[in-house]
Amino acid sequence: MSHYSPHAAPYSAGPGRHSGAPPARDRVTVPLLVASVLCTGLMAGLFFAYDISVMPGLAELDDAAYATAMQRFNAVIDGSALFGLVFLAALGLTVAAAIVAFRRKRRAVALPLTVAAVCYLLALVLTVAVSLPLNADLAALGDPASAQDLHAVIDDFKSVWVPVNVFRTLLCVLSLGALCAALLRYEKTDSPVELRQ
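Residues numbered from 1 in each chain as written. Predicted model: local features only at pLDDT ≥ 70, side-chain atom pairs only at ≥ 80, totals over all residues. Heavy atoms only, no water.

Undergrad: What is the right way to look at the overall build of the chain in this model?
TA: Broken down by element type, the chain carries 6 helices and 0 strands. Moving toward the C terminus, one meets the helices and strands of the chain in the order α-α-α-α-α-α. Residues classed as buried in the chain amount to 34% of the 197 residues present. Accessible area of the chain: about 11,700 Å², with a carbon and sulfur share of 68%. (Helix = DSSP H or I, 4+ residues; strand = E, 2+ residues; numbered from the N terminus. Buried < 20%, exposed > 50% of the residue type's maximum accessible area, 1.4 Å probe, protein only. Areas by Shrake-Rupley, 256 points an atom, 1.4 Å probe, with all protein chains shown as cover.)

Structure follows, in C-alpha cells:
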C-alpha cells in the first residue's frame, strides 16, 4: 500500500535539474560564442604582432627596404583567403550570437556581445577607411628604388598606419574581452523564459 497521498503533486525537476538531451539552443549559441572568441582572438593577435614586432622591425630599415617589405606583407595578406574569412567571420559570428541571445531573452549575454560587435566593427571600419587606402598608396609606388619623394611617402605612411593599427589592436582586445564575458555569463545566468522550459 502506498504511503503517498493520492492528491500529492507528481515530482517535477526544479530549475537546477536537467534531464534528457540538451536543448537545441545549446547546440547553436555555444559554438557561435566559441567561434567568435577564436576568430576575434586571431585578429587581435595579428594586429598585436604588427605593433610589437613587425612595425618596430621595419622602422630600423631604410625607406626603400621598408616600402618593399611592407608591399610584400600587404600583398600576401590581401591574397589570403583564410585571412579574409577570419577577418569577416569575427564580426558575422559575433552579430549572429548577439541576435540569438536577444531572441532567447538572455540580455546579460546579449549586451556584452553587442559591445564586442561594435568594437570589432570600429576596427573593421578603420581597416577599410584608413589602413587599406594607405596600403594601396604604398603599392602604387611600384619599385621603391625608383620612386620619387620616397622618404616623404614613407613618413606619411608611418605617421598614420602605425597608430591606427594600435587602435585596431585595442578595439579587438576590447571585443575579445566582451566575448569572454558573454561566454562566462552564458554559463552562469538563466533567463525567466529558460526557467520555464
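Undergrad: Got a minute to help me understand the packing of aromatic side chains in this structure?
TA: Aromatic ring pairs are described here by two measures, namely the spacing of the ring centres and the angle between the planes. For the coordinates displayed, the defined rule picks out 5 aromatic pairs. Measuring from ring centre to ring centre gives 5.5 Å for F83 and F87, while their planes differ by 15 degrees; the resulting arrangement is stacked. Linking F83 with F87, this pair stays in helix α3 (residues 81-103), spanning 4 residues, or about one helical turn. Of the residues examined, F83 reaches a relative accessible area of 23% and is grouped as partly exposed. Residue classification places F87 among the buried positions, given a relative accessible area of 9%. Put simply, the rings of Y50, Y66, F157 and W161 touch in pairs and so form one group of aromatic residues. Over the ring of Y186 we find R106; its NZ or CZ atom is 4.5 Å from the centre of that ring. Lying over the aromatic face of W161, R168 brings its terminal NZ or CZ to 5.4 Å of the ring centre. (Phe/Tyr/Trp six-rings, centres within 6.5 Å; stacked < 30°, edge-to-face > 60°. Lys NZ or Arg CZ within 6 Å of the ring centre and 35° of its normal.)

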